[in-house]
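Structural overview for review
Listed below, chain by chain, are the residues.
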Amino acid sequence: MRIGLFIPCFMNELYPEASMDTLRILEHLGLDVEYPFEQTCCGQPMANTGCAKEASVLAYRFLEIFKKYDYIVAPSGSCVSMVRQNYAQFLEGKDGFEHLRTHTYELVEFLHDIIKPDNLHVKFPFKVGIHNSCHAHRHLRLASMSERNEAPFSKIKALLEKAEGIEFVELTRVDECCGFGGTFCVSEEAMSVAMGKDRVQDHLKAGVQIITGVDMSCLMHMQGIIDRDKLPIKTMYVGQILAGGIV
Amino acid sequence: MNAKEKILANIKNNVPAIKEPMPQTNIAHVHFENKEEKFEAALASVGGNAITLSHESIDAFVAKHYPDAKVITSTIDGLTCKNKDANEQDTPHFLEDVDLAIVEGEFGVAENGAVWVKNPKNKHRVLYFIAQRLLIIVPKGALVDTMHEAYERVKFNTSGYGTFISGPSKTADIEQALVIGAHGPTDACVLFV
Amino acid sequence: MSQGHPELAEKFIANDERMHWHDKALWFVRAKRDNASKGVAEWEDLRDCAAKIKMHTIDHLDSYLLEFEKNALAKGIHIHWAYDAQEHNEIVLKLLQEKKVQKLVKSKSMLTEECHLNPYLEAAGIEVVDTDLGERIVQFRKEPPSHIVLPAIHLKKEDVGTTFEEFLHTQKGNSDPTYLTRAARVHLREKFLNADAAMTGVNFGIAETGGFVVCTNEGNADLGAGLPKLHIASMGIEKIIPKLSDLAIFTRLLARSATGQPVTSYTSHYHAPVVGGELHVIIVDNGRSDIIKDKDFRQSLQCIRCGACINTCPVYRRSGGYSYGYTIPGPIGSTLGANRNISLYKTLPFACSLCGSCSNVCPVKIDLDQQLYKHRQTVVAQNLLGFKKHTILKVATWVMKHPKILDFSGKMARAIVPKLPRSIVYSKANLWGKQRELPPFPKQSFKEAYQAKKGDRK
């Protein structure tokens, strides 16, 4: 099984450690992982701003770089959702696209659905609040949605539960958007921040120490608010927790 | 082209070639072990109440529960408590002073506390809304589980008016505070007889 | 629209206390909806079924409209067709003038809001009274509804109290909702009894029977339509459903989605005029048949106007109905507004974080977030995004096509930005940094670290 690792462009530049943890987890599980150097951006910021032409170019690039792998794994729910939900408009019928669409996974879902590790040998004695980032949540279906009449489940929780000492904290709004929203975070700056503050407050009031999730972009937005307002809470990419036991 | 032709032509032009078939609408749905209990609970949740009459007459029930009602009207034959003929005039405005209207309902719906009211004997449909209080008489045991069964019994082969009434008139338009008695009846009791 | 959604939202958010009050009020409605929907085991099947009925109906809309007309005429209901808002308003006025109507009572109809009927009739000297309590409140205040189901949700009870003091002479300072509702009851009873004609909207038009259904909690539609000799109902072409029995599906979904009630207090079926009266239905297009042709947006015609998408929308809850500048706010309003006039409503497709909650509460499963995503492409295609934004994204795309340039830019940024004074990094141009810190810049990119690591191994 050859895995192509996709690191979102902003994570490559700003979050090398969280990115490296993703790689470490996969390699630690004995998987054959390759990071193709020519990769850049999946095109999501362009697509979400309506720039279809630009997004299409980057989608095509992504396909050409990654179609040769058995699986493509990325530490990002929204980039994976871009591939699965939105690439069809640009790539439908193109050679290798159907494989790409069905074999691109977000890290947690890849571990949960495909690899199914028994034990992660991680200790994490903290009160954790899960941020169900919208695209991972509602497009990739990483957890049951509060809107739907369905049996509760959470792939993130199912994995994190393997960490020793971890304590999950219940929120009042389990899957409300944090307001990052890609370019929304600047085009609707006031709204984005208002939403982010409310999300952080929900975690704070519930007694959360660490907010975690599968989208570093949402966490970066909330961390930006936390740092500006000097709040006693921290965000951590889920991979950083899961990689904690790897020496 | 007139408006009708323009609209229809535009629709015809724009609908897709491959069309969605009509789905099966008789979907599997809930059935209640105790329809009476469910009906009462559902009605209570929307500010109404349901009572089953045991021995006493409707007249006795009205005398006991509506002592202040001065003007009482009904579409039900043989009641002695009524003192106004709801069908007397052709214009309904004379019903504005009705304190209590006693009307017939065909059946209740357990899932939502609604009663189907479609009474060809009643000349003025506004009676159900203009009366200050409403008492709906429903045959004992006339209950269905859900709206699926309800609509099996509802027919409009001929012209007419019918309504599902679920509790009293209400509003929450001021700061989401539930207020019973908006424009219509301030209470709507369902009496199983 | 002089100001777009971001600016109007910013103003709404500036009043933090009121913004959070609004958010909580709507969240409360959403929570009631969740509770009600979870009480119905077959909820998701109902949604599937409702969506398919609506899709089927729209795909066959011409024949269903004709069937509706035929059956309505057979029952003595008059049918009119209006291609646009102007024609609709003219038909209404003509009917009213024929009957010498001076006073008209109306129950809630977003369609007549869309057609701006009230000012049109008022200009012709007709008194128009909106009888839904929330609508009457905003009518007194000369405001449009800020929500399609809860027209006065933006007002606190004290605001309503002040308004009623002015118009209904209620006690000064009394803002008790029951007291105020009773005052409106007395006031509106008089309006109902003196009306010469009534107008209602239509929740569902039934092709099979030629009748229609109006749902209210207050009973204002029935009280209004049951008294005068003339009842005019305005119906958008998309309100048609094929069969009477289809109402089982829709009535189970509508109120639960809207307010969390198991059903509205009144679900009234009109298949005849009142004794000695006339019943008219105006079938209105006003741009709807154009939407059918676009498969990306056709589903928006499935809407049954429950308002669930509005209640769940994290943006609407924090920006209020007026921030949209369109008759219908929230996700459904944003897609309908964009369909109507993309240039005028160009900020609405972006008044959305693409969270997708709306599509999942929608009882007829409209892909609302996908529609807004697609509308953004129309904004760009019509050169409405704005030169600056578009250029930034074009340049970014060019950089993303050249990994070496990207790597170099990243390296430079990581080297330079941390050395810059805060006043430069957090200048006005940095919208991110207005209320948020940037993440600390690392020494190395992942790619550099990866190269180093692989190099070590070799």
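Observations concerning the overall build of chain C
- Broken down by element type, chain C carries 22 helices and ten strands.
- Taken along its principal axes, the extent of the C-alpha atoms in chain C is 95 × 55 × 45 Å.
- The buried share of chain C, taken over its 458 residues, is 66%.
- Long-range pairs, those at least 24 residues apart, make up 73% of the contacts in chain C between residues at least 6 apart in sequence.
- Total accessible area on chain C stands at roughly 16500 Å², and carbon and sulfur atoms take up 56% of it.
- Across chain C, the mean location of the 63 positive side-chain charges is 9 Å away from that of the 49 negative side-chain charges.

Quick notes on the interface of chain B and chain C
- With 76 residues of chain B at the contact, the number on the chain C side is 94 residues.
- Roughly 6900 Å² is buried in total at the junction of chain B and chain C, and carbon and sulfur atoms are behind 61% of that figure.
- At the junction of chain B and chain C, the tally comes to four salt bridges.
- In this structure, Glu69 of chain C and Lys4 of chain B form a salt bridge, with 2.6 Å as the shortest nitrogen-oxygen distance.
- Here chain B is connected to chain C by 46 residue pairs in polar contact (both at pLDDT 80 or more).

Examining the environment of Gln299 of chain C
All names here are of chain C.
- Tracing the backbone through its elements, the reader meets Gln299 in the loop between α13 (288-291) and α14 (308-312).
- Put simply, Gln299 and Ile366 are 67 residues apart on the chain and 5.6 Å apart in space, counted from C-alpha to C-alpha.
- Those residues in contact with Gln299 that lie beyond four places of it in its chain are Lys365, Ile366, Asp367 and Gln371.

Re the side chain of Asn10 of chain B
- Within the secondary structure, Asn10 of chain B is located in helix α1 (residues 3-14).
- Engagement of the side chain of Asn10 of chain B in a polar contact is seen with the side chain of Asp290 of chain C, the distance being 2.8 Å.
- In this structure Asn10 of chain B touches Tyr83, Ser289 and Asp290 of chain C, once residues within four positions along its chain are discounted.

Concerning helix α3 (residues 43-59) of chain C
- Under the 1.5 Å per step criterion, the end-to-end length of α3 of chain C is 24 Å for 17 residues, consistent within 8% with the ideal 24 Å.
- For α3 of chain C, the buried fraction is high: 13 of the 17 residues fall into the buried class.

Remarks on the packing of aromatic side chains
- Here the structure, examined in full by the defined rule, presents 29 aromatic pairs over all chains.
- An angle of 90° between the planes, with centres 6.1 Å apart, marks the rings of Trp116 of chain B and Phe156 of chain B as edge-to-face. Taken as a pair, Trp116 of chain B in strand β5 (residues 114-117) and Phe156 of chain B in the loop between α5 (147-153) and β8 (161-165) lie far apart in primary sequence, 40 residues in all.
- On the accessibility criterion, Trp116 of chain B (1% relative accessible area) is buried.
- Judged by its relative accessible area of 2%, Phe156 of chain B falls in the buried class.
- Relative to Tyr270 of chain C, the ring of Phe212 of chain C lies with its centre 5.3 Å away and its plane at 10°, an arrangement referred to as stacked. With a gap of 58 residues between them, Phe212 of chain C in strand β6 (residues 211-216) and Tyr270 of chain C in strand β9 (residues 266-270) connect regions that are remote in the sequence.
- Judged by its relative accessible area of 0%, Phe212 of chain C falls in the buried class.
- Ring pairs connect the aromatic residues Phe6, Phe62, Phe66, Tyr69 and Tyr87 of chain A, which therefore count as one cluster.
- One Lys or Arg, Lys6 of chain B, reaches over the ring of Tyr83 of chain C and ends 4.3 Å from the middle of that ring.
- The lysine or arginine in question, Arg436 of chain C, covers the ring of Trp432 of chain C, its NZ or CZ lying 4.3 Å from the ring centre.

Details of the domain arrangement of chain C
Residues and elements named next belong to chain C.
- Entries for chain C in the domain assignment read domain 1 (1-39 + 313-385), domain 2 (46-286) and domain 3 (388-457).
- A combined buried area of about 2200 Å² lies between domain 1 and domain 2, and 58% of that area is made up of carbon and sulfur atoms.
- Together, Tyr322, Thr327 and Pro363 form the three largest contributors to the area buried by domain 1 at its contact with domain 2, with a combined 26%.
- Counting across the interface, domain 1 meets domain 2 through four salt bridges.
- The interface formed by domain 1 and domain 2 holds 13 residue pairs in polar contact (both at pLDDT 80 or more) in total.
- Here the side of domain 1 that touches domain 2 gets ten residues from one element, more than from any other, and that element is helix α2 (residues 16-38).
- Here the residues of the side of domain 1 that touches domain 2 are counted per class, giving 13 nonpolar, five polar and six charged.

Thoughts on helix α5 (residues 77-86) of chain A
- Most of α5 of chain A is tucked away: eight of the ten residues are buried.
- Along α5 of chain A, the positions that sit buried rather than exposed are Gly77, Ser78, Cys79, Val80, Ser81, Met82, Val83 and Asn86 of chain A.

Looking at the interface of chain C and chain A
- At the interface, 78 residues of chain C touch 72 residues of chain A.
- Buried surface at the junction of chain C and chain A, both sides included, amounts to about 6400 Å², of which 57% is carbon and sulfur.
- Where chain C meets chain A, there are ten salt bridges.
- We note a salt bridge from Lys434 of chain C to Glu189 of chain A, for which the minimum N-O separation is 3.7 Å.
- Our count for the contact surface shared by chain C and chain A stands at 38 residue pairs in polar contact (both at pLDDT 80 or more).
- The element best represented in the side of chain C that touches chain A is α2 of chain C, accounting for ten residues.
- By residue class, the composition of the side of chain C that touches chain A is 34 nonpolar, 18 polar and 26 charged.

How each quantity is defined
- Residues numbered from 1 in each chain as written.
- Chains lettered and ligands numbered in written order.
- Predicted model: local features only at pLDDT ≥ 70, side-chain atom pairs only at ≥ 80, totals over all residues.
- Heavy atoms only, no water.
- Helix = DSSP H or I, 4+ residues; strand = E, 2+ residues; numbered from the N terminus.
- Buried < 20%, exposed > 50% of the residue type's maximum accessible area, 1.4 Å probe, protein only.
- Contact = heavy atoms within 4.5 Å.
- Areas by Shrake-Rupley, 256 points an atom, 1.4 Å probe, with all protein chains shown as cover.
- Lys, Arg positive; Asp, Glu negative; His and termini not counted.
- Charge placed at Lys NZ, Arg CZ, Asp CG, Glu CD.
- Buried area = accessible area lost by both parts, 1.4 Å probe.
- Salt bridge = Lys/Arg side-chain N within 4 Å of Asp/Glu carboxyl O.
- Polar contact = N/O pair within 3.5 Å; in protein donor to acceptor, adjacent residues only side chain to side chain.
- Expected span 1.5 Å × (residues − 1).
- Phe/Tyr/Trp six-rings, centres within 6.5 Å; stacked < 30°, edge-to-face > 60°.
- Lys NZ or Arg CZ within 6 Å of the ring centre and 35° of its normal.
- Domains from an automatic or database assignment.
- Nonpolar A, V, L, I, M, F, W, Y, C, P; charged D, E, K, R; others polar.

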